[in-house]
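Residues per chain, in single letters:
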Amino acid sequence: MKFDFDTPIDRRGTGSTKWDKYKGRDVIPLWVADMDFACAPAVVEALRCRVDHPIYGYSDPPVELAGTVVAYLQREYGWKIEPDWIVWLPGLVVGLNVVCRASGEPGDDVLTATPIYPPFLSAPVNSARNAVRVPMAEKNSVWRWDIAALERAITPKSRLLLLCNPHNPVGRVFSRDELQAIAEVCERHDLTLCSDEIHCGLILDPDKRHVPVASLGENIARRTVTLMSASKTFNLPALGCAYAIASNSDLRARIRRAMAGIVHHVGMMGYIATLAAYRDGKEWQLALLDYLRRNSDLVEREIGRIPALRIWHAEATYLSWIDARALPINNAQEFLEEAGVGLYDGALFGAPGFLRLNFACPRPLLEQALERISRALRFL
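What comes next is a walk through the structure. Everything quoted here is computed from the prediction, not taken from an experiment.

## Section: the sheet that holds strand S15 (residues 354-358)
The pairing of strands in a sheet happens through backbone hydrogen bonds and is either parallel or antiparallel. The strand order across the open sheet formed by 4 strands is S11-S12-S15-S14, and the pairing between neighbours is antiparallel. In the strand order of this sheet, the two ends are held by strand S11 (310-311) and strand S14 (344-345), each with one partner. Looking at chain direction, S11 and strand S12 (residues 319-323) are connected through 2 bridges and run antiparallel. When the bridges of S12 are listed, Arg-310 appears paired with Asp-323.

This is how it looks when you write it as structure tokens:
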């Protein structure tokens with residue numbers, strides 16, 4: 001089956017967070033992480049069938065959903081889990097906040113590596129914990145966790161480490177050895193590990209493979225909460241369905257206590273879309289990855305031609321990380337916005353002077369955005 005990723009779909013007037021930010025302005029939005037592609041036909045059809053039933057009452061997960069998730073993780077990553085390890089959530093960011101609340105006490109420390117997806121920095125604060133930032137090390141055009149710096153940042157108040165794998169925004173697919181080093185730090189210092197693996201279905205480099213950190217062994221699995229969702233891979237964020245996986249029953253109980261009375265259940269459509277995506281969406285996913293690889297190549301080539309910018313290769317995700325600190329301007333994000341391209345300000349990721357670009361859009365639109373960037377910076 002051929003899938004059309006090239007034809008633009010007008011999202012204006014649909015309540016789109018991505019597009020309505022620039023309502024009434026000629027700005028191409030390449031900032032927030034959702035895709036400008038139609039969902040997989042299997043997902044659309046599953047939702048359409050359910051809408052045809054005219055009662056939308058409180059819903060439990062479809063009977064086959066947990067088993068489908070178990071089979072999906074075994075097939076894709078060789079990771080064997082049990083259905084009762086799954087805790088359903090209405091979003092991955094909810095999961096980050098719940099795990100922070102379930103770990104330690106107010107005033108304790110939560111560690112993470114910057115640059116990082118902004119909710120990693122806000123979730124600890126929301127829970128009256130301290131967000132401890134450990135800068136990543138960049139060498140030979142590769143971003144890595146600085147294990148020595150991580151060790152130095154740990155104190156008697158440290159309770160939780162937040163990992164993003166694959167990493168948003170730098171696009172790394174961490175190797176088994178890298179993950180093992182992080183796991184060993186958690187074990188030595190008795191830290192809970194929360195691993196956001198929402199981009200695991202978006203591995204772009206054919207020679208890379210996603211490794212769930214909890215699959216490394218029982219020692220790390222019993223202290224790990226893995227957060228996953230079909231929402232990034234299959235473009236379902238508005239449907240609000242994610243899940244936590246924890247093999248440790250005590251850890252699951254703490255999560256559920258932190259959710260009690262606060263976190264709402266997942267909506268019916270989120271369950272149905274997730275089931276359809278994992279069960280019937282593989283062909284669409286493979287076509288998407290091929291399209292994203294070519295978009296990524298285009299971005300790297302065109303941004304690489306601008307002397308004042310530096311870009312890193314995205315091994316995964318649909319996000320490019322760009323260093324704009326050499327530009328002779330005060331705020332690159334605002335400057336480019338005025339030039340008609342909306343990027344994400346790296347300051348929100350703990351990295352002022354950097355930019356994040358979302359290349360998950362039809363190629364003609366991406367080409368237009370890159371031309372605007374090039375034209376705006378040509379004579380600086």
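## What to know about the layout of surface pockets
Size it by volume and the largest pocket reaches roughly 950 Å³. What lines the largest pocket is a set of 42 residues, and nearest its centre among them are Asp-34, Asn-235, Leu-236, Pro-237 and Ala-238. When residues of the lining of the largest pocket are traced back to their parent elements, those giving at least two are helix H1 (17-20), helix H2 (41-51), helix H4 (92-101) and helix H9 (231-234). Residue classes in the lining of the largest pocket are distributed as 24 nonpolar, 11 polar and 7 charged.

## With respect to the packing of aromatic side chains
Going through the model one piece at a time under the given rule, you end up with 18 aromatic pairs. Consider the rings of Phe-37 and Tyr-291, whose centres lie 5.6 Å apart with planes at 85°: the pair is edge-to-face. A residue pair is termed long-range when its members are at least 10 positions apart, and Phe-37 in the loop between strand S1 (28-29) and H2 and Tyr-291 in helix H12 (residues 282-304) qualify at 254 residues. Here the two residues Phe-37 and Tyr-291 agree in accessibility, since each one is buried. Taking 5.2 Å as the distance between ring centres and 10° as the angle between the ring planes, the aromatic pair formed by Trp-321 and Phe-354 counts as stacked. Residue Trp-321 is found in strand S12, and its partner Phe-354 is found in strand S15; the two are separated by 33 residues along the sequence. Grouped by ring-pair contacts, the aromatic residues Phe-5, Phe-37, Tyr-72, Tyr-77, Phe-234, Tyr-278, Trp-284 and Tyr-291 constitute a single cluster. Residue placement shows Arg-363 over the ring face of Tyr-291; its charged tip is 4.1 Å from the ring centre.

## Things to note about the environment of Val-43
Mapped onto the elements, Val-43 comes out in helix H2. Residue classification places Val-43 among the buried positions, given a relative accessible area of 0%. Filtering out sequence-adjacent residues up to four positions away, Val-43 remains in contact with Leu-236, Ala-273, Ala-276 and Ala-277.

Thresholds applied
- Residues numbered from 1 in each chain as written.
- Predicted model: local features only at pLDDT ≥ 70, side-chain atom pairs only at ≥ 80, totals over all residues.
- Heavy atoms only, no water.
- Pairing = 2+ DSSP bridges.
- Helix = DSSP H or I, 4+ residues; strand = E, 2+ residues; numbered from the N terminus.
- 1 Å grid on protein atoms, 1.4 Å probe; cavity = no way out; pocket = protein on both sides within 12 Å on 5 of 7 lines; lining within 4 Å.
- Points joined across faces, edges and corners; volume = space filled by probe spheres on them.
- Nonpolar A, V, L, I, M, F, W, Y, C, P; charged D, E, K, R; others polar.
- Phe/Tyr/Trp six-rings, centres within 6.5 Å; stacked < 30°, edge-to-face > 60°.
- Buried < 20%, exposed > 50% of the residue type's maximum accessible area, 1.4 Å probe, protein only.
- Lys NZ or Arg CZ within 6 Å of the ring centre and 35° of its normal.
- Contact = heavy atoms within 4.5 Å.

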